[in-house]
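# A structural walkthrough
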Amino acid sequence: MVTLRINGKAHQVDVPSDMPMLWVLRDVLGMTGTKFGCGMALCGACTVQLDGQAIRSCVTPVSAAASKTITTIEAIGNTPAGKRVQEAWIAHDVPQCGYCQSGQIMSASALLARKPHPTDADIDAAMAGNICRCGTYQRIRAAIKQAAQGAGR
Amino acid sequence: MTAVSRREFVTVLTAAGGGLLLGYRVGGGRGSASAATAPGLAPNAFIRIAPDGGITLIMPQAEMGQGTHTSMSMLLAEELEVALDQVRLEHAPPDDTLYANSILGEQMTGASSSVRAFYGPLRRAGATARAMLVGAAAASWNVDPASCRARKGVVTHTPTGRTLRYGALAAKAATLPMPDKVALKDPKDFTLIGTPAKRPDTPGKVNGTAQFGIDVRLPGMLIATVAASPVLGGKVVAVDVQKAKAVVGVRQIVQLDDAVAVVADHMWAAKQGLAALDIRWEDGPNANVSTADVVQGLAKASETPGVTARNHGDPASALAGAAQKVEATYEAPFLAHVTMEPMNCTVHVRTNECEVWTGSQVLSRARAAAAKVTGLPLEKVVVHNHFLGGGFGRRLEVDYVTQAVRIAKQVDAPVKVVWTREEDIQHDVYRPYYYDRIAAGLDAKGTPIAWTHRIVGPAIIARYLPPAFKNGIDIDAVDGAVQLLYEIPAIQIEHVRHEEPVLNTGFWRGVGVTHNNWVIESFMDEIATAAKQDPVAFRRALLKKSPRALAVLDLAAKEGGWGKPLPRGRGRGVALLFSEWGTYLAEVAEIEIASSGDVRVHRVVCAVDCGQVVNPDIVKAQIESGVVYGISGALWGEVTLKDGRVEQSNFHNYRVLRMNETPPIQVHLVRNGEAPGGIGEPGTSVTAAALSNAIYAATGKRLRKLPLQAALAGVAR
């Protein structure tokens with residue numbers, strides 16, 4: 001048994017210690033907002049935050065998450081940066097199919113929490129790991145900039 | 001070509017609970033072999049207005065990002081006189097007799113057809129319902145319906161100001177006779193169509209609640225992952241399951257003749273189990289096939305004449321007498337779709353019934369596939385559709401449904417079959433490899449006097465939509481080629497059908513147009529060069545009879561800074577697109593060759609005329625999306641074969657465009673009242689040629705093979 005602190009709530013799970021967080025979230029806890037895309041940390045669809053850091057849950061074993069605070073798309077709107085990001089995403093109608101957007105939002109809100117006024121280069125560096133096959137990148141960039149404006153100086 | 005003019009039949013049924021159910025159907029489309037014997041008066045889509053005022057559109061079209069749930073709702077809401085946020089959507093169940101897309105002849109979301117097919121019917125359905133609701137209100141008040149008006153779900157008697165809500169009128173409206181004719185709104189009175197209305201699916205897609213097929217969860221559900229034969233046509237000879245069964249969480253190994261699945265409590269156990277299996281395959285006839293074999297077959301086939309899809313003038317004589325003859329061969333590789341949501345399907349086979357949960361562009365085909373595998377009648381198979389985590393043509397196929405049902409037949413519980421990314425890339429239904437021979441004759445002034453284009457590749461339509469395969473002509477394979485707008489006195493377009501059954505092939509975003517536009521528009525630049533003319537000026541001179549094409553070309557050239565000087569190492573390329581979709585699109589792309597040799601796209605400018613625009617923001621989003629998908633495919637997209645096996649497996653070796661590589665994409669709309677054109681695919685189709693022409697402008701290297709990055713490395717100046 002391992003205790004995971006996810007979105008402010010403790011969950012007891014009985015899973016192998018090397019099991020990636022992605023499958024714990026999706027298949028054990030039923031939190032399906034976090035998506036499977038590649039299984040190799042290549043696409044970012046599975047991004048969640050560990051102590052505020054964006055990580056790829058498809059390669060992060062549950063053992064590495066046990067002592068951390070885990071935040072997923074289901075609760076990112078409760079953080080100031082996450083809320084602004086979600087609002088900006090809606091304002092720009094960023095999502096198309098929407099499948100990658102949980103991961104995009106988790107990466108973007110981690111960026112903004114750390115760096116409230118990112119440059120284009122900061123955005124590139126933080127977001128290059130998140131693939132979107134619908135090609136919403138231009139709107140993602142615009143939405144991050146809008147969300148940053150709401151951060152105050 | 002537009003669906004609006006097709007015969008429509010409207011029926012009214014009284015819904016359970018006293019609401020108004022309004023349906024309609026449209027006549028047979030392209031895929032209906034015998035429209036005369038098509039099913040009778042069953043409706044093809046429904047508006048449901050409940051007594052509590054809830055308005056539901058049962059949505060026949062699948063939402064895969066293209067915004068169709070928004071645009072379809074806008075068509076309905078405009079004429080029904082309700083606000084967009086008053087409309088609730090339900091995925092339609094599978095039923096071709098109810099939900100056929102009039103252009104494609106069955107329940108199908110593809111070919112950039114949703115707005116084209118439903119622009120008339122959904123507006124008519126809305127207008128008819130509105131007329132009946134107004135009629136019911138007028139009858140209640142004993143007044144002339146002409147003295148009443150409807151707005152935002154409320155009917156008002158204008159002289160007295162009395163009001164009744166739609167919900168209160170639904171039951172009475174259902175008892176009224178169907179009006180013979182309803183007046184559609186004059187487009188100048190539109191309040192919704194043509195506006196950038198917000199997508200109702202956005203909120204659920206930013207908070208994790210949007211439900212994709214892969215998100216289905218059922219009581220007692222197990223998870224499976226699968227390995228199909230790595231070579232098409234191969235079979236399982238033997239499986240050693242010992243180690244897999246020892247993996248904690250693994251419940252069952254299911255063996256099919258061509259695949260093995262591991263069924264487990266969760267995906268991790270299933271993946272571990274699959275990795276632990278020792279499977280011996282018999283590879284079958286494709287065991288030793290490589291890409292070179294495929295190309296060899298196509299090249300040989302290209303030497304024989306094909307079926308002529310368009311012919312005018314005397315191309316042979318014109319070519320023979322030309323002052324200058326330009327000839328080239330072009331190649332376009334196999335491509336995978338790589339939707340972000342890997343293929344998956346959840347199935348519960350019970351005694352005498354089967355239930356399926358998935359994301360599909362062809363829900364009725366999904367049901368038919370499940371019925372075929374289980375041997376159950378169609379009415380015993382229930383299929384639920386979901387948001388699609390990308391379609392791009394991949395989910396026009398039901399191979400993954402068939403496979404999941406075959407697995408589920410052996411499992412005594414609901415089972416969700418999820419493909420790994422590797423399985424997804426290596427068992428796609430790929431865009432075919434195409435091989436084209438193209439030639440043009442120029443007169444002494446450099447004006448084209450002859451054009452011949454021979455397209456060599458499979459006939460996907462013959463497999464996929466046999467009724468549409470007529471006189472040996474695959475309308476998809478030649479799409480975009482037969483509509484050539486350039487005024488040339490002698491033209492011949494041929495298709496040589498050549499099947500290479502080493503991989504399954506099907507539709508990829510932009511379908512036949514994607515490959516044809518790359519060939520045609522690259523070659524236009526080649527002959528412009530031969531004629532020593534500017535690529536835009538050369539095209540303009542041949543478009544005098546195509547004002548809409550000329551307009552988008554001029555707009556893209558102007559906004560794209562055509563002719564303005566660029567720094568060394570940069571180049572600008574142009575391409576123009578017109579096809580069966582009815583949309584005119586011109587693109588100017590600006591690229592740079594980095595010192596590493598990498599092609600960097602700096603800027604893309606598009607000018608698009610898709611006729612009547614339903615939602616300009618979605619049109620722009622689709623062009624942006626199409627361009628990004630097109631850049632990925634054109635620069636890097638390539639599936640290759642070695643020993644019958646696909647060599648690519650995941651995003652590290654099937655490269656796609658990332659945020660840091662994405663250029664600004666500007667979209668300029670030409671607005672007019674012409675019939676709506678398709679918009680989901682053109683942006684993809686026009687991009688390869690624009691990029692290739694830009695590379696030529698920057699380097700002087702003419703690339704005739706995709707993907708461009710590899711071709712650039714391989715081409716000596």
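For the structure, see preceding data.
This text gives an overview of the structure that appears in the document. Model, not experiment: these values are computed from the prediction. (Residues numbered from 1 in each chain as written. Chains lettered and ligands numbered in written order. Predicted model: local features only at pLDDT ≥ 70, side-chain atom pairs only at ≥ 80, totals over all residues. Heavy atoms only, no water.)

### Points about helix α3 (residues 114-141) of chain B
Residues and elements named next belong to chain B. Between its terminal C-alpha atoms α3 stretches 39 Å, which fits the 40 Å expected from 28 residues at 1.5 Å a residue. Bending of α3 peaks at approximately 30° at the position of glycine 120, with proline proline 121 no more than four residues after it. Counted residue by residue, α3 has 24 buried out of 28 residues, so it is predominantly covered. Positioned one or two residues after α3, asparagine 142 has a phi angle of 60°, which is positive. (Helix = DSSP H or I, 4+ residues; strand = E, 2+ residues; numbered from the N terminus. Expected span 1.5 Å × (residues − 1). Bend = angle between axes of the 7 residues up to and from the residue. Buried < 20%, exposed > 50% of the residue type's maximum accessible area, 1.4 Å probe, protein only.)

### Here we look at the interface of chain A and chain B
You'll often see interface size given as the accessible area lost when the parts meet. Across the boundary between the two partners, chain A contributes 51 residues, which contact 61 residues of chain B. When chain A packs against chain B, the two sides together hide about 4,600 Å² of surface, and 57% of this comes from carbon and sulfur. When the buried area of chain A at its contact with chain B is split by residue, Gln96(A), Arg133(A) and Tyr137(A) rank highest and sum to 18% of it. Remark: the boundary between chain A and chain B carries five salt bridges. On inspection of chain A and its partner chain B, the count reaches 28 residue pairs in polar contact (both at pLDDT 80 or more). (Contact = heavy atoms within 4.5 Å. Buried area = accessible area lost by both parts, 1.4 Å probe. Salt bridge = Lys/Arg side-chain N within 4 Å of Asp/Glu carboxyl O. Polar contact = N/O pair within 3.5 Å; in protein donor to acceptor, adjacent residues only side chain to side chain.)

### Focus on the packing of helix α4 (residues 101-114) of chain A against helix α6 (residues 137-149) of chain A
Residues and elements named next belong to chain A. The N-to-C vectors of α4 and α6 enclose an angle of 40°; their axes lie 11 Å apart at closest approach. The two elements α4 and α6 meet at a crossing, and its hand is right-handed. Note on element contacts: α6 touches α4 through Ile140, Ile144, Ala147 and Ala148, opposite Gln101, Gln104, Ala108, Leu111 and Leu112. Partitioned by chemical class, the residues of the contact of α4 with α6 number seven nonpolar, two polar and no charged. (Axes fitted to C-alpha atoms, helices over the stretch in contact; angles between N-to-C directions. Left-handed = near helix turned anticlockwise from the far one by under 90°. Nonpolar A, V, L, I, M, F, W, Y, C, P; charged D, E, K, R; others polar.)

### Observations regarding the packing of aromatic side chains
Under the counting rule described, the total for this entry stands at 10 aromatic pairs over all chains. Look at Phe334(B) and Tyr433(B): their rings are 5.7 Å apart centre to centre, the planes differ by 75°, and that puts the pair in the edge-to-face class. Placement of the pair is Phe334(B) in the loop between β15 (324-332) and β16 (344-350) and Tyr433(B) in the loop between α12 (421-426) and β20 (434-442), with a sequence separation of 99 residues. For the pair Phe334(B) and Tyr433(B), one class covers both residues: buried. Summarising the aromatic geometry, the rings of Trp451(B) and Phe523(B) are spaced 5.7 Å apart at their centres and angled 65° between planes, so their arrangement reads as edge-to-face. Taken together, the residues span a long stretch of sequence, with Trp451(B) in strand β21 (residues 448-457) and Phe523(B) in helix α14 (residues 511-530) at a distance of 72 residues. Among the residues examined, Phe523(B) registers a relative accessible area of 0% and is labelled buried. Through pairs of rings, three or more aromatic residues link up here, namely Tyr99(A), Phe212(B) and Phe387(B). In this arrangement the basic side chain of Lys205(B) is found over the ring face of Phe387(B), its NZ or CZ atom lying 4.5 Å from the centre. Over the ring of Tyr696(B) we find Arg702(B); its NZ or CZ atom is 4.5 Å from the centre of that ring. (Phe/Tyr/Trp six-rings, centres within 6.5 Å; stacked < 30°, edge-to-face > 60°. Lys NZ or Arg CZ within 6 Å of the ring centre and 35° of its normal.)

### Observations concerning the pairing of strand β8 (residues 162-165) of chain B
Residue and element names in this part refer to chain B. Across four bridges, the pairing between strand β7 (residues 154-157) and β8 is antiparallel. Opposite valine 155, over in β8, you have leucine 164 as the bridge partner. Between the antiparallel neighbours β7 and β8 lie four residues, among them glycine 161 with a positive phi of about 80°. (Pairing = 2+ DSSP bridges.)

### Overview of the side chain of Asn615(B)
Residue and element names in this part refer to chain B. Along the chain, asparagine 615 turns up in the loop between β25 (599-609) and α17 (616-635). According to the relative accessible area criterion, asparagine 615 is buried, its value standing at 2%. A polar atom in the side chain of asparagine 615 sits 3.0 Å from the backbone nitrogen of aspartate 617. Not counting the four nearest positions on each side in its chain, asparagine 615 is found in contact with Thr70, Met74, Thr195, Pro196 and Ala197.

### Details of the nonpolar core
Within the largest apolar cluster, 259 residues are counted, with the highest numbers of intra-cluster contacts made by Trp89(A), Leu80(B) and Trp451(B). Leaving out residues up to four positions away in the same chain, Leu80(B) has contacts with Ile47(B), Ile49(B), Ile55(B), Gly126(B), Ala129(B), Arg130(B), Leu133(B) and Tyr166(B). (Core = buried A, V, L, I, M, F, W, Y, C linked by side-chain atoms within 4.5 Å.)

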